[in-house]
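Architecture and fold: a report
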Amino acid sequence: MTYLDHAATTSLRPAAREAWLAAAEETGNASSLHTAGRRARAVVEDARERIAAALGADAPEVILTSGGTEADNLAIKGLHWGRVAEDQARRRLVVSGVEHHAVLDPARWLADRGDATLVELPVDPAGRIETAALADAITAETSLVSVMWANNEVGTVQPLADVVAAASALGVPVHTDAVQAVSHLDVHLHRSGVAAMTVSAHKVGGPVGVGALLARRGLPLVPLAHGGGQQRSVRSGTLDAPGAAAFAAALEDTVEERSGERARLEALRTRLLERIRAAVPEATVTGPRDPAHRLPGIVHLVIPGARAESVLFLLDAAGIAASSGSACTAGVVQSSHVAMAMGWSADDAACTLRLSLGRTSTAADVDAVVAALPDAIARAKAAASR
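For the structure given in this document, a descriptive report is provided here.

The rules behind these values
- Residues numbered from 1 in each chain as written.
- Predicted model: local features only at pLDDT ≥ 70, side-chain atom pairs only at ≥ 80, totals over all residues.
- Heavy atoms only, no water.
- Pairing = 2+ DSSP bridges.
- Helix = DSSP H or I, 4+ residues; strand = E, 2+ residues; numbered from the N terminus.
- Axes fitted to C-alpha atoms, helices over the stretch in contact; angles between N-to-C directions.
- Contact = heavy atoms within 4.5 Å.
- Parallel < 35°, antiparallel > 145°, perpendicular 65-115°, else oblique.
- Left-handed = near helix turned anticlockwise from the far one by under 90°.
- Buried < 20%, exposed > 50% of the residue type's maximum accessible area, 1.4 Å probe, protein only.
- Polar contact = N/O pair within 3.5 Å; in protein donor to acceptor, adjacent residues only side chain to side chain.

This part covers the sheet that holds strand 2 (residues 62-65). Ordered by their spatial adjacency, seven strands build an open sheet running 2-8-7-6-5-3-4, and the pairing between neighbours is mixed. Lying at the two open borders of the sheet, with one neighbouring strand each, are strand 2 and strand 4 (117-121). On average, each strand axis in the sheet is inclined to that of its neighbour by 20°, with strand direction left out of account. Pairing analysis gives five bridges linking strand 7 (residues 196-200) to strand 8 (residues 211-215), with the strands arranged antiparallel. Its bridge partner lying in strand 8, A196 is registered against A215. Its contacts with the sheet put helix 2 (residues 35-55) on strand 2, strand 7 and strand 8, and the angle it makes with strand 2 is roughly 115°. Lying on the sheet, helix 4 (residues 101-112) is in contact with strand 3 (92-96), strand 4, strand 5 (142-146) and strand 6 (174-177); it crosses strand 3 at an angle near 155°.

Let's shift gears to the packing of helix 9 (residues 308-317) against helix 12 (residues 363-384). At a minimum axis separation of 9 Å, helix 9 and helix 12 run at an interaxial angle of 135°. Classified by the interaxial angle, the pair formed by helix 9 and helix 12 is oblique. Where helix 9 crosses over helix 12, the handedness of that crossing is right-handed. Side by side, helix 9 and helix 12 meet where S310, V311, L314 and L315 of the first sit next to A372, L373, A376, R379 and A380 of the second.

Right, let's get into the pairing of strand 10 (residues 298-302). The two faces of a sheet get side chains in turn, since along a regular strand they alternate between them. Counted residue by residue, strand 10 has five buried out of five residues, so it is predominantly covered. Here strand 10 shows two buried faces, one formed by I298, H300 and V302 and the other by V299 and L301. In this sheet, strand 10 lies alongside strand 9 (residues 284-285) in antiparallel orientation, the contact comprising two bridges. From the neighbouring strand, V285 faces strand 10, where its bridge partner is L301. Here five bridges tie strand 10 to strand 12 (residues 352-356), and the two strands are oriented antiparallel to one another. Looking at strand 12, one finds that V302 is bridged to T352.

This paragraph deals with the environment of V204. Position of V204 among the secondary structure elements: in the loop between strand 7 and strand 8. For the pair V204 and F247, spaced 43 residues apart in sequence, the C-alpha to C-alpha distance is 8.2 Å. When residues no more than four places from it in sequence are discounted, the contact partners of V204 are T10, R13, V182, S183, F247, A250, L251 and T254.

Another aspect to go through is the side chain of T254. Tracing the sequence through the fold places T254 in helix 8 (residues 241-279). For T254, a relative accessible area of 4% puts it in the buried group. Here the side chain of T254 touches A250 through a polar contact of 2.9 Å, landing on its backbone oxygen. Residues in contact with T254, not counting those within four places in the same chain, are R13, V182, S183 and V204.

Written out as structure tokens, the structure reads:
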């Protein structure tokens, strides 16, 4: 299998596997007072310290979750409700139109319930939010602004500093989904100026089912689930000591390797694009051209007439793992809301292909997908025309 879907998930790092196995050998609930419980608590708190250090936060600001989706929901619902509780006039919720569904769906759910007035920021053809619209959207009645650090489908890096500046001028907290950004960019909670940030372990070589919301002290977060209140009385549930340890190990390795890995992936991406342009000239590469405004490992294509599900099936049959965008839509290929927000029609947005590179990617992987792609596209187009 040639694996080119690292933006969906990436392989478990050896250090993460070792950390998980070592912690899993121990028995103990981290909330128990006996010796075994204190040992488990020590593993969790050590991991929390290491996660915080890797991401420019303080340990108490790290709220461990079951993954990025839970962390996004806690940020959007919990912070919006908390801000409204402080001031009933703060019902204006601002998000970008290209957010992951883990942000868009809870935001739209709040709006449908009448809990929020939702503003979805437009983006330009490269997928970057329009700063003029941002300035108009944020008012004194805004509860929260959520703009992802980098897009999971196209790889576009958002002007987060501009978002923070506009929101801070009116005392509005900013949340960012940094799930895709951590592997490639200098993600730092305090330097960024954001109030809350979502991260996920399995995107950096940790296990699935572990993530975190980094939330500054003093944020009025309302819990989504009630129970033991194990983490700041905001997130209840027995703490996953092995998962936390593995997350910390994977994150440390990722941050240490990040600079060199970015340059390596940028070179592989250039090779991939050169070969795609020669082999599939009808494909349009989306997203920013400036490397400073995009992630190094994502190539996103629109191939009119070649529906995504057909291309993906044919590539899979040829031993190539790719995707059309987010892998979090119940396994169903739909027209990409990201592509449509960038100005593509619904038909063209159903003809997208995302090839995402990661730490195990090689030049041989690039050559393999380019060798299989023209035939897959031709057969997909033929099937669509019947």
